[in-house]
Amino acid sequence: MRRHLSVLLALLAAFSLIAAACGGDDDDSTAAPAPPPPAAEPEPPPPPPADEPPPPPPADEPPPPPPADDMGDDVGEDTPATRAIAGIKALNLPADTTITVFTEDLSILGPEVTKDAFEAQSGIKLDIQKAPYGEYASKVLADAATEAGTYDVVLVETNRLGDLDNAGYLVDVTEWVEKYDPDIEDFIFPISHTASQYNGRFVGLPTDGDVFIFYYRKDLLEDPAEQAAFAEQYGRELTVPVTYDEYMEVLEFFTRPEDNLYGAAEWRITAVNYWWFWQRLWSGGGTYFNDDMSAAVNSPAGVQALEDMIAMEAVMSPDALSYGYVETVEAMTSGTAFSNITWPAAGKNANDPETSSTVGKWGYATVPGYVVDGQVNQRSMSAPGYTILVSNYSDVNKEAAYLYTQWFTSPENLIQANSNLGGNTDVVRASIFADPSMAEIFPGAGDYLDAQKANLAQAVPDPVMPGYGEYAQALEIELANALTGQKSPQEALDDAAEAWDEITDSYGREEQLQVWQNFLASIAG
């Protein structure tokens, strides 16, 4: 286990290339007069004789109020947050109780903006700590490897759960989920399961609805002159593409280097190209592993996916192999890309008037798909997403720490983070998608949210299991070999599959198979 943790820590530098996706009282010089001395309190009347009942209150005085319940100031609507506060107060924790919360410096915005409310409602202090994205995961994994208990609660990408579980870091919170009811069914499936469960038990709660959305220039697609030209060239109407064949035709049509316009701006820098590959792999009817736990990435569906990713170089900027999140969003905001398939945060960024010249010009749709057995099989990548969980090595009361996670992921608190155009926390609850205020975060946000929800419904999650970082890195190396022409797609994927099988054996094939089967059960509902 420790050897694998060391390997994983060494791989974290590669993942640091993922950008934030996946941005006083007035002085009064006049002294106030001193308050008058308090009036003397009248002496209470003598008690009635022991055999006489106390006199009734005067007729014009209301009866005394009922005693306050454990909710304190938080009476009212019954939500996961109010249930969490009631649970915390029932624990009767010491007055100096503090919960340390840790994650990277954009996801921490949610805990930061809700900190004062939690402290006021619960009486518990929060110690908010953060690190840059490229450093935060290594700090969490180091906390797990050393069993230091530096953090009580962490927000971490769901794909880390397997390695954290191997390190003994995860707390089984199933009992508290059942006792306090965080309303798991309100979270959009399958994130509701993949970001809350690991290997058949609850270990955390979802905080982030990461999923790929198909963004396209609506103003160009709906332009009558463009529609007429497309119909003449391709013999069909210019519409939002549903299949990958239609997608490529539209991208070809809008690739105009002489006008500094390209059909697409997908991520291609070596780091996490595998997410775009996995999305196509599943759309083509593929999967990560076969029933015997052998690697399935080199299947015909995988080869087709990689061949088509290579073909897309003809409809992207010549420097596309250097494109990560920042560069693809820059292509959107500057108007040099007709489309992009990427995270929901890009939709906020592209509609931020302080940074974008294409505000209000974007349309939003589901990611296209391949035709499998006569049916279009559209799939969107849900990655990485964040889980908020309790550290097993923390000294704080773990039930209280869990109750904070339930409080934070309640709709009324998550909505504050989701509304931040500069942040990277995306909607993951159905009730928040339905909240009218969300449609006002930028012009056209209603259509954007509808598309995000639709993509979540067809989402493919990361394979959440031990060795995730090693599997991902081995695949990424071979995808880069194919994208740069050093190997054919089949050769690259065969080599990736061989490396995957070696990784599986190093963790124990039977043990990995059990985790894989539980993962499949979770995404099957």
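Since the structure is predicted, the reported quantities are computational estimates derived from the model, not experimental observations. (Residues numbered from 1 in each chain as written. Predicted model: local features only at pLDDT ≥ 70, side-chain atom pairs only at ≥ 80, totals over all residues. Heavy atoms only, no water.)

So what's going on with the pairing of strand β7 (residues 213-217)? Which residues, and what values?
Most of β7 sits out of view: 5 of its 5 residues are buried. Judged by which residues are buried, β7 turns out to be covered on both faces: I213, Y215 and R217 on one side and F214 and Y216 on the other are all buried. Here 4 bridges tie β7 to strand β9 (residues 337-342), and the two strands are oriented antiparallel to one another. When the bridges of β9 are listed, F214 appears paired with I341. With 4 bridges joining them, β7 and strand β10 (residues 362-365) adopt antiparallel strand pairing. Counterpart to Y215 in the pairing with β10 is Y364. (Buried < 20%, exposed > 50% of the residue type's maximum accessible area, 1.4 Å probe, protein only. Helix = DSSP H or I, 4+ residues; strand = E, 2+ residues; numbered from the N terminus. Pairing = 2+ DSSP bridges.)

Outline the sheet that holds β10, listing residues and values.
Read from one edge of the open sheet, 4 strands run β8-β9-β7-β10, paired in mixed fashion. In the strand order of this sheet, the two ends are held by β8 (262-264) and β10, each with one partner. For this sheet, the mean inter-axis angle between neighbouring strands, taken without regard to orientation, is 20°. On top of the sheet, helix α10 (residues 244-253) reaches β7, β8 and β9; it is set at about 145° to β9, its chief contact. (Axes fitted to C-alpha atoms, helices over the stretch in contact; angles between N-to-C directions. Contact = heavy atoms within 4.5 Å.)

Describe in detail the pattern of salt bridges, supporting the description with residues and values.
In this structure the tally under the stated criterion is 17 salt bridges. Taking the shortest distance from any N to any O, the salt bridge between D186 and R429 comes out at 3.0 Å. Taken as a pair, D186 in the loop between α6 (174-180) and α7 (191-194) and R429 in the loop between α16 (411-418) and α17 (430-433) lie far apart in primary sequence, 243 residues in all. Neither D186 nor R429 differs from the other in exposure class; each is buried. Residue R256 pairs with E226 through a salt bridge whose shortest N-O separation is 2.7 Å. In this pair, R256 is assigned in the loop between α10 and β8 and E226 in helix α9 (residues 224-234), connecting sequence segments 30 residues apart. Assigned by exposure class, R256 and E226 land together as buried. Each of D78, R83 and D181 takes part in salt bridges that share partners, so that together they form one network. (Salt bridge = Lys/Arg side-chain N within 4 Å of Asp/Glu carboxyl O.)

So what's going on with the sheet that holds strand β14 (residues 386-390)? Residues and values would help.
Through backbone hydrogen bonds, the strands of a sheet pair up, either in parallel or in antiparallel fashion. Taken in spatial order, the 5 strands of this open sheet run β2-β1-β3-β14-β6, and their pairing is mixed. Pairing within the sheet leaves two strands with one partner each, and these edge strands are β2 (125-131) and β6 (204-206). Neighbour to neighbour, the strand axes of the sheet diverge by 25° on average, direction disregarded. Where strand β1 (residues 98-104) lies against β2, 7 bridges are found, and the strand directions are parallel. Following the sheet pairing, T100 is matched in β2 by D127.

Residue-level account of the pairing of strand β11 (residues 369-372), with values.
Along any regular strand the residues' side chains alternate between the sheet's two faces. Strand direction decides the pairing type here: β11 and strand β12 (residues 375-378), joined by 4 bridges, are antiparallel. Along β12, the bridge assignment pairs V372 with Q375. From the end of β11 to the start of β12, which pair antiparallel, there are 2 residues, and D373 there has a positive phi angle of about 50°.

Which residues make up the environment of A521, and what values do they have?
For A521, the location among the structural elements is in helix α21 (residues 509-523). A residue is classified by how much of its surface remains accessible, and A521, at 47% relative accessible area, is partly exposed. Once the C-alpha coordinates of A521 and H193 are considered, the two residues, 328 residues apart in sequence, prove to be 9.7 Å apart.

Explain helix α19 (residues 468-483) to me, and be specific about the residues and the numbers.
Taking 1.5 Å of rise per residue, 16 residues should cover 22 Å, and α19 covers 22 Å from first to last C-alpha, within 8% of that figure. In terms of burial, α19 is largely enclosed, as 15 of its 16 residues are buried. G485 lies just past α19 and shows a positive phi near 80°. (Expected span 1.5 Å × (residues − 1).)

Help me get a handle on the environment of L449, residues and values and all.
Mapped onto the elements, L449 comes out in helix α18 (residues 445-457). Sequence-wise, L449 and P344 are 105 residues apart; in three dimensions their C-alpha atoms are separated by 8.7 Å. Those residues in contact with L449 that sit more than four places away from it in its chain are V427, F433, M438 and A439.

Tell me about the packing of aromatic side chains, residues and numbers included.
By the definition in use, this model includes 41 aromatic pairs. Residue placement shows R280 over the ring face of Y244; its charged tip is 4.0 Å from the ring centre. One cation-aromatic arrangement involves R429 over F187; the distance from NZ or CZ to the ring centre is 3.9 Å. (Phe/Tyr/Trp six-rings, centres within 6.5 Å; stacked < 30°, edge-to-face > 60°. Lys NZ or Arg CZ within 6 Å of the ring centre and 35° of its normal.)

Would you mind going over unusual backbone geometry in detail, with residue names and values included?
With an omega of 5°, the peptide bond between F189 and P190 qualifies as cis. Note on placement: P190 falls in the loop between α6 and α7. In this model, A383 is joined to P384 through a cis peptide bond whose omega is -10°. Topologically, P384 is positioned in the loop between β13 (380-382) and β14. Phi at N92 takes a positive value of approximately 50°, unusual for a residue other than glycine. A positive phi angle is found at M293, which is not glycine, with a value near 75°. Topologically, M293 is positioned in the loop between α11 (274-283) and α12 (300-311).

Requested: an account of a nonpolar patch on the surface, with residues and values cited.
Side chains of V242, V371 and V376 sit close together on the surface and give an oily, nonpolar patch of about 220 Å² of accessible area. For V242, the position within the fold is in the loop between α9 and α10. The partly exposed category is assigned to V242, whose relative accessible area is 35%. (Patch = residues over 30% accessible without salt bridge, like charges linked within 9 Å, V, L, I, M, F, W, Y side chains within 5 Å. Areas by Shrake-Rupley, 256 points an atom, 1.4 Å probe, with all protein chains shown as cover.)

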